[in-house]
Amino acid sequence: MLASYASAGRPGTLALNVKADGLQPMVKDLLQEFDIRRYFMFDMSIPDTLQWLASGLNVFVRQSEYEPSPALYDQAAEFGSTDSKAIGSPQTCLPGIWPQASK
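Residues numbered from 1 in each chain as written. Predicted model: local features only at pLDDT ≥ 70, side-chain atom pairs only at ≥ 80, totals over all residues. Heavy atoms only, no water.

A few points about the confidence of the model for the chain
- In the predicted model, the chain carries a mean pLDDT of 76, and the fraction of residues at 70 or more is 70%.
- Looking across the chain, the model is least confident in helix H4 (residues 90-93), with a mean pLDDT of 44, and most confident in helix H2 (residues 24-33), with 96.
- Below pLDDT 50 for its whole length, residues 80-87 participates in 20 contacts with residues either more than four positions away or in separate chains.
- In this model residues 89-103 is a low-confidence stretch, pLDDT under 50, and it forms 33 contacts with partners more than four residues away in sequence or in other chains. (pLDDT = per-residue confidence, 0-100. Helix = DSSP H or I, 4+ residues; strand = E, 2+ residues; numbered from the N terminus. Contact = heavy atoms within 4.5 Å.)

Quick word on the nonpolar core
- Of all hydrophobic cores here, the largest spans 17 residues; its most connected members are Leu-14, Leu-31, Ile-36, Tyr-39, Met-41 and Trp-52.
- Look past the residues within four positions of Leu-14 in its chain and what remains in contact with it is Met-1, Leu-2, Tyr-5, Ile-36, Arg-38, Tyr-39 and Phe-40. (Core = buried A, V, L, I, M, F, W, Y, C linked by side-chain atoms within 4.5 Å. Buried < 20%, exposed > 50% of the residue type's maximum accessible area, 1.4 Å probe, protein only.)

Topic: H2
- For H2, the full list of buried residues reads Gln-24, Val-27 and Leu-31. One side of H2 carries all its buried residues, which in axial view fall inside an arc of 70°. Turned more than 90 degrees from where H2 packs its buried face, Pro-25, Gln-32 and Glu-33 sit exposed.
- Packed against the buried residues of H2 are strand S1 (14-17), strand S2 (39-42) and helix H3 (46-54).
- Following H2 by one or two positions, Asp-35 has its phi on the positive side, about 50°. (Arc of directions from axis to C-beta.)

Some words on the pattern of salt bridges
- Considering all chains together, one arrives at 2 salt bridges under this definition.
- A salt bridge links Asp-43 to Lys-19; the shortest N-O distance between them is 3.8 Å. Of the two residues, Asp-43 sits in the loop between S2 and H3 while Lys-19 sits in the loop between S1 and H2, which places them 24 residues apart along the sequence.
- Classification of Asp-43 by relative accessible area gives partly exposed; the value is 37%.
- The exposure class assigned to Lys-19 is exposed, which follows from its relative accessible area of 67%. (Salt bridge = Lys/Arg side-chain N within 4 Å of Asp/Glu carboxyl O.)

Remarks on unusual backbone geometry
- Phi is positive for Asp-35, close to 50°, though the residue is something other than glycine.
- Among the secondary structure elements, Asp-35 is positioned in the loop between H2 and S2.
- Accessibility expressed as a relative area gives 36% for Asp-35, which makes it partly exposed.
- Of note, the phi angle at Asp-43 is positive, near 75°, even though the residue is not glycine.

A look at the side chain of Gln-24
- When you line up the elements, Gln-24 lands in helix H2.
- We classify Gln-24 as buried; its relative accessible area is 6%.
- Among residues more than four places away in sequence, those in contact with Gln-24 are Asp-48, Gln-51, Trp-52, Ser-55 and Leu-57.

Take a look at the structure:
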């Protein structure tokens, strides 16, 4: 999938739904191999999210009507930042959909 994305000129931003813990080294190597810079990981457990952050990879944090103050929100940066550790939340892409998080 990453090879196809790269050969198509890397259109848009990849949203990569994480389904297992501990994938950081493999994913980081593949993103570097295919020179993919516009992506984010999401749907990880909090302990695994910390590992993604420690690896310097882009992640989104969860925010919903059940989680109005997302874990790690204070570390958030607008998606599209040049900071390689930028964290987004759904509201950075979908303003007005979720209530504002409490800081």
